[in-house]
Amino acid sequence: MQLNNDNPTIPKEEKQEGFGFLKGKDTKKLLLDGGLYLVLLILIAGIIIKEPSFLSFRNMRNILTQSSVRTILALGVAGIIVTQGTDLSVGRQVGLSAVISATLLQAMTNVNKVFPNLDTLPIPVVILIVCVIGGFAGFLNGFVVAYLNVTPFVATLGSMIIIYGANSLYYDYVGASPIAGFSKSFTNFAQGYFTIGGFRFNYLIIYALLALLFIWILWNKTTFGKNLFAVGGNPEAAKVSGVNVKKTLVLVYTLSGIFYAFGGMLEAGRVGSATNNLGNMYEMDAIAACVVGGVSFSGGVGTVPGVLIGVIIFTVINYGLTFIGVNPYWQYIIKGVIIVMAVALDTLKYVKKK
């Protein structure tokens, strides 16, 4: 056994092993697993250094509130990514749900009410209506992917265009102007809050927590969840094991559509108005948050806490860049780079495992 010259009592090989994380394969593994998080932390640290007031409780509360709807959308697309798919129609489904719910929830006293002779519908009824529409859109996506064997990218790209066209036609029909003036009940539903110990928490946070709990139970405690990850990990092996792969795909897309619809309704209430362009590019943030949170495009990998962490990190960056006055166009570039880095690192990890 060769001894180390600096300390003869320690074998040379053992000392090198103790510092192995500094070079070789261990360094590559460290960079693959934590490189993106390091870049994101540096970016967040730069925001804080430039504006220390960013760490105020008010900003943290705003970040949590903004993260709430994003969390619901990310949970919807996360299940699709687990099955090695993607969904480019997220934002347009959000916009469709927002416009429909907005036209049904305007106050009767609103002089610009789209349907003046229609009473303001109860919120549960509107939730049911938009979720049925969203679920149907998701069902069609899943059917095209599962039964027509169209790749998820192309299938959802087509539905994105179709849904935007349909939403725009409806928006033109009702007046082609921002739909606002909601009933007090809906405004309170989306913008209301409660206080604990003098601290204010928006209802949106509660809706997001309920969605997180639902998906966690679905993924971890049900047969559907097991089938979902089996299909994502290896569709052929899952099929041989008796899993109905096509049915699982249709169900996960349908569920995602329901989540987008509910998120779109909440977004309309949070913003206070809706247009046919609401939700534009929301799919980018949702997909990026999932990948940053560890949901692998290689399939079969993902956790609910990871999705939440990814959403919060991405919202902090979004909010922080706006807070320090970064040009919105630069924000697109930065977010695009983050997405490419996240997917590239995820792919490298998958290739390494193979």
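One can find the structure itself at the top, above this paragraph.
Residues numbered from 1 in each chain as written. Predicted model: local features only at pLDDT ≥ 70, side-chain atom pairs only at ≥ 80, totals over all residues. Heavy atoms only, no water.

K.L.:
Would you mind showing me how to read empty space enclosed by the protein here?
P.N.:
Over the atoms rolls a probe the size of a water molecule, and its path tells where empty space is left. The tally for this structure, following the rule as stated, stands at 2 cavities of 30 Å³ or more. Approximately 60 Å³ is the volume found for the largest cavity. In terms of lining residues, the largest cavity is bounded by Leu75, Gly76, Gly79, Ile215, Leu218, Trp219, Phe224, Val252, Leu255, Ser256 and Phe259. Breaking the lining of the largest cavity down by element, the ones donating at least two residues are α3 (57-82), α8 (203-221) and α11 (245-271). Top contributing element to the lining of the largest cavity by residue count: α11, with 4 residues. By residue class, the composition of the lining of the largest cavity is 8 nonpolar, 3 polar and no charged. The space that makes up the second largest cavity amounts to roughly 50 Å³. (1 Å grid on protein atoms, 1.4 Å probe; cavity = no way out; pocket = protein on both sides within 12 Å on 5 of 7 lines; lining within 4 Å. Points joined across faces, edges and corners; volume = space filled by probe spheres on them. Helix = DSSP H or I, 4+ residues; strand = E, 2+ residues; numbered from the N terminus. Nonpolar A, V, L, I, M, F, W, Y, C, P; charged D, E, K, R; others polar.)

K.L.:
Even after reading the chapter, I still don't get the pairing of strand β2 (residues 199-202), so can you show me in this structure?
P.N.:
Two faces belong to every sheet, and in a regular strand the side chains alternate between them. In terms of strand pairing, strand β1 (residues 193-196) meets β2 through 4 bridges, oriented antiparallel. Its bridge partner lying in β2, tyrosine 193 is registered against asparagine 202. (Pairing = 2+ DSSP bridges.)

K.L.:
Even after reading the chapter, I still don't get unusual backbone geometry, so can you show me in this structure?
P.N.:
Residues apart from glycine generally show negative phi values, whereas peptide bonds are mostly found in trans. Even without being a glycine, asparagine 149 presents a positive backbone phi close to 60°. You will see that methionine 281, though not glycine, has its phi angle at about 70°, which is positive. Assignment of secondary structure puts methionine 281 in the loop between α11 and α12 (282-292). By relative accessible area, which is 32% here, methionine 281 ends up partly exposed. (Buried < 20%, exposed > 50% of the residue type's maximum accessible area, 1.4 Å probe, protein only.)

So, to be careful, I would describe these as geometric facts and stop short of saying anything about function.
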